[in-house]
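Each chain is listed here by its residues.
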Amino acid sequence: MRPPTRYRQIVRSLIYLTITRSDLSYPVGLINQFMARPSEGPFQCTQRILWYVSGTRDQGLLYRVGVAEQLAGYEDVDWAGNATNRQSTPGFVFSLGHAMIAWSSKK
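Definitions and limits used
- Residues numbered from 1 in each chain as written.
- Predicted model: local features only at pLDDT ≥ 70, side-chain atom pairs only at ≥ 80, totals over all residues.
- Heavy atoms only, no water.
- Salt bridge = Lys/Arg side-chain N within 4 Å of Asp/Glu carboxyl O.
- Buried < 20%, exposed > 50% of the residue type's maximum accessible area, 1.4 Å probe, protein only.
- Patch = residues over 30% accessible without salt bridge, like charges linked within 9 Å, V, L, I, M, F, W, Y side chains within 5 Å.
- Areas by Shrake-Rupley, 256 points an atom, 1.4 Å probe, with all protein chains shown as cover.
- Helix = DSSP H or I, 4+ residues; strand = E, 2+ residues; numbered from the N terminus.
- Contact = heavy atoms within 4.5 Å.
- Phe/Tyr/Trp six-rings, centres within 6.5 Å; stacked < 30°, edge-to-face > 60°.
- Core = buried A, V, L, I, M, F, W, Y, C linked by side-chain atoms within 4.5 Å.

Trainee: I keep staring at the pattern of salt bridges and nothing clicks. Help me out?
Mentor: Side chains that differ in charge, positive against negative, can pair when their charged atoms come close. One pass over the structure, following the stated rule, counts one salt bridge. Here Arg21 ties to Asp23 by a salt bridge, and the two come within 3.1 Å at their closest N and O atoms. With a relative accessible area of 37%, Asp23 lands in the partly exposed category.

This is the structure:
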């Protein structure tokens, strides 16, 4: 079993990274639930996320000047979809062209 403090350090760093990498928000949110008692499973997921991040360092969002992009917004609610605690998960996303500019997901 890995030391919990190392797991917490990695997860905190990944949480900070989600500010600019919204594609990591969902998996990082899942592993964040195991901060109190990390086990081998969540630690392996954390390793996979780090592997994904290292392989996608060159990807990012592109906003072009002078190009008219369409603004779109979507929302959804998963009513009591979490089998563990039966809580709902509402969320929304706004995109400008193909680039996401705002999002939220809360349990």
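Trainee: How should I be thinking about a nonpolar patch on the surface in this particular structure?
Mentor: On the surface, Tyr63, Leu71, Phe92, Phe94, Leu96 and Ile101 cluster together into a nonpolar patch covering about 550 Å² of accessible area. Take the nonpolar patch: its biggest share by element is three residues, from strand β2 (residues 89-96). By the secondary structure assignment, Leu96 is in strand β2.

Trainee: Would you mind showing me how to read the side chain of Ser95 here?
Mentor: In this fold, Ser95 is placed in strand β2. With residues near it in sequence (within four places) discarded, Ser95 still touches Gln70, Leu71, Ala72, Met100 and Ile101.

Trainee: Looking at this structure, I do not really get the packing of aromatic side chains. What am I missing?
Mentor: Each aromatic ring pair is specified by the distance between its two centres and by the angle formed by the two planes. Enumeration over the complete set of coordinates arrives at two aromatic pairs. On the numbers, 6.4 Å between centres and 40° between planes, the contact of Tyr7 with Phe43 is tilted. Of the two residues, Tyr7 is situated in helix α1 (residues 4-17) and Phe43 in helix α3 (residues 40-55); the sequence distance between them amounts to 36 residues. Residue Tyr7 shares its accessibility class with Phe43, and that shared class is buried.

Trainee: Sorry, what's going on with the nonpolar core here?
Mentor: Side chains of a nonpolar character, in soluble globular proteins, are inclined to be buried together. Counting residues in each nonpolar core, the largest one holds eleven residues, listed as Tyr7, Ile10, Val11, Leu14, Leu24, Val28, Ile31, Met35, Phe43, Ile49 and Val53. The set of elements that each furnish at least two residues to this core consists of α1, α2 (25-32) and α3. For this core, the element with the highest residue contribution is α1, accounting for four residues. In contact with Tyr7, not counting residues within four places along its chain, are Ile31, Phe34, Met35, Pro38, Pro42, Phe43 and Thr46.

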